[in-house]
Amino acid sequence: MLDAVDAVLVRELQRDGRATFQALADRVGLSRTAVRARVQHLLETQVVRVVGIVHAAVVGAEAIGHVSVTVEGSAREVAESVAERAAVCFTALTAGPYDLVAQVRTRDDAALAAEVDHIRSVAGVRAAEVFRSVSTVRDTHAVVRELGEVTLDDIDWRLLHELQRDGRAPYTRLAHVIGLSQAATRARVVRLMRTGVIQVTGLADPLALGAAELGGFGLVVTGGLRKVADAVAAQDGVRYLATGFGRYDIVGQVEAASRAELVAVFDAIRSVTGVTVRESWHHLDVVKESYAVQLPEQPLNGAV
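Criteria and thresholds
Residues numbered from 1 in each chain as written. Predicted model: local features only at pLDDT ≥ 70, side-chain atom pairs only at ≥ 80, totals over all residues. Heavy atoms only, no water. Helix = DSSP H or I, 4+ residues; strand = E, 2+ residues; numbered from the N terminus. Rg over C-alpha atoms; globule rule 2.2 N^0.38 Å. Buried < 20%, exposed > 50% of the residue type's maximum accessible area, 1.4 Å probe, protein only. Contact = heavy atoms within 4.5 Å. Areas by Shrake-Rupley, 256 points an atom, 1.4 Å probe, with all protein chains shown as cover. Lys, Arg positive; Asp, Glu negative; His and termini not counted. Charge placed at Lys NZ, Arg CZ, Asp CG, Glu CD. Axes fitted to C-alpha atoms, helices over the stretch in contact; angles between N-to-C directions. Parallel < 35°, antiparallel > 145°, perpendicular 65-115°, else oblique. Nonpolar A, V, L, I, M, F, W, Y, C, P; charged D, E, K, R; others polar. Salt bridge = Lys/Arg side-chain N within 4 Å of Asp/Glu carboxyl O. Pairing = 2+ DSSP bridges.

Enquirer: Got a minute to help me understand the overall build of the chain in this structure?
Expert: For the chain, the count of helices and strands is eleven helices and twelve strands. On C-alpha atoms alone, the chain measures out to a radius of gyration of 20 Å, which is about the 19 Å that the 2.2 N^0.38 rule sets for 304 residues. In terms of its C-alpha atoms, the chain occupies a principal-axis envelope of roughly 55 × 45 × 40 Å. For the chain, buried positions account for 48% of its 304 residues. Sequence-distant contacts in the chain: of pairs separated by 6 or more residues, those separated by 24 or more amount to 76%. Of the accessible surface of the chain, which amounts to about 14,500 Å², a share of 49% is contributed by carbon and sulfur atoms. Treating the 33 positive side-chain charges of the chain as one cloud and the 37 negative ones as another, the clouds have centres 5 Å apart.

Right, here's the structure in full:
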């Protein structure tokens, strides 16, 4: 567990991964030098990783499937095989109705179907059921607002490459990579973040923040779907929520500090008017969690 100061620093980096050391120092009441040392330690020990998460619309990865898998034999071996796919951004071993769950992001439904077929072909997979996400209501690690028309040039694409690799890359290094002044580089980065093209955030080890328990749920809804989804997403502990089609109307993930708190989160979700929890499951081990997307090596100029 982190001390109180480090916990605040991690939360601030989750909110703004490029927050300056001075801004962080002002937030926790320590010197800039002390905060720099603390942040460097958090990064070096991988308590938190600061990355740039590119909006799915930028690369056309808007077809999202949540796949629930039952297996024969070793669930871990199957999960590790599934996690090898670049399109799979999340995989976890679970206790509940399924042996593991995975999230798949692709450019369209045809590509999504092909990825699910690959999962079904993995040795040991007995069945794979798919929930097709249509709208992401809450995601603590990604941009969820609608992206307007944004024109990106080759310099912007190079910046996205660098920020996806290291969200806190200094402007001096970024400026050297793209061949512009630090001021011009800063202006580009700020534009990319303000328009929602990329979100720079800290991916924290849940255990370090006291979130020892992770779970998932599938809901069916009566009444207006969006209104119910917004109400569920507003509950403490809900880290991800999407609406779509399949055996559920809503799929989501939750986190809590203890089993008792996890139960309380699920009870709060059940208390939302119009909600029926069709299934819930416990994440025993997260095998893969990656928000990096494949960016074009030689991008084309033009509007997104």
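After that view, the rundown keeps rolling.
Enquirer: Explain the packing of helix H8 (residues 171-178) against helix H9 (residues 182-194) here, please?
Expert: Packed helices, taken two at a time, are described by the angle between their axes plus the distance between the axes. For the pair H8 and H9, interaxial distance at closest approach is 9 Å and the crossing angle is 95°. Considered as vectors, H8 and H9 are oriented roughly perpendicular to each other. Two secondary-structure elements touch here, H8 through Tyr 171, Thr 172, Leu 174, Ala 175 and Ile 178 and H9 through Gln 182, Thr 185, Arg 186 and Val 189. Residue classes in the contact of H8 with H9 are distributed as five nonpolar, three polar and one charged.

Enquirer: Help me understand the pattern of salt bridges, please; the structure alone is not making it clear to me.
Expert: Should their charged atoms come close, side chains of opposite charge can pair. The full count for this structure, using the stated rule, is 23 salt bridges. Asp 6 serves as the salt-bridge partner of Arg 38, at 2.9 Å between the closest nitrogen and oxygen. Of this pair, Arg 38 sits in helix H3 (residues 32-44) while Asp 6 sits in helix H1 (residues 4-15), placing them 32 residues apart in sequence. What makes Asp 6 buried here is its relative accessible area of 11%. Of the charged contacts in the structure, one is a salt bridge between Asp 139 and Arg 105, with a shortest N-O distance of 3.7 Å. With Asp 139 in strand E5 (residues 125-139) and Arg 105 in strand E4 (residues 100-106), this residue pair connects regions lying 34 residues apart in the sequence. Exposure remark for Asp 139: the relative accessible area of 10% places this residue in the buried category. Sharing partners across several salt bridges, the network here consists of Asp 153, Asp 156, Arg 188 and Arg 191.

Enquirer: What am I meant to see in the side chain of Glu 12 here?
Expert: Looking at where Glu 12 falls in the secondary structure, it is placed in helix H1. Residue classification places Glu 12 among the buried positions, given a relative accessible area of 13%. Discounting residues that sit within four places of it in the chain, Glu 12 has contacts with Leu 24 and Arg 27.

Enquirer: Quick question: what am I supposed to make of the sheet that holds E4 here?
Expert: Either a parallel or an antiparallel arrangement is found when strands of a sheet pair, and the pairing is made through backbone hydrogen bonds. Sheet architecture is closed into a barrel: eight strands sit in the order E2-E4-E3-E11-E8-E10-E9-E5, paired in antiparallel fashion. Ignoring strand direction, the axes of neighbouring strands in this sheet form an average angle of 35°. Summarising the sheet, E5 and strand E9 (residues 238-245) pair through six bridges and their orientation is antiparallel. Considered in E9, the bridge of Asp 139 is made with Tyr 240. The sheet strands contacting helix H6 (residues 109-121) are strand E2 (63-71), E4 and E5, and the helix crosses E5 at an angle near 140°.

Enquirer: I tried to follow the packing of helix H7 (residues 154-165) against H9 on my own but got confused; where do I start?
Expert: Between H7 and H9, whose axes approach to 11 Å, the crossing angle comes to 75°. Relative to H9, the element H7 is oriented roughly perpendicular. Residues Ile 155, Asp 156, Leu 159, Leu 160 and Leu 163 of H7 pack against Thr 185, Arg 188, Val 189, Arg 191 and Leu 192 of H9. Looking at the contact of H7 with H9, its residues break down into six nonpolar, one polar and three charged.

Enquirer: Help me understand the environment of Thr 140, please; the structure alone is not making it clear to me.
Expert: As for its placement among the helices and strands, Thr 140 is situated in the loop between E5 and strand E6 (151-152). Along the primary structure Thr 140 and Thr 201 are separated by 61 residues, whereas in three dimensions their C-alpha atoms are 9.2 Å apart. Thr 140 has contacts with Gln 199 and Arg 239, leaving out every residue within four places of it along the chain.

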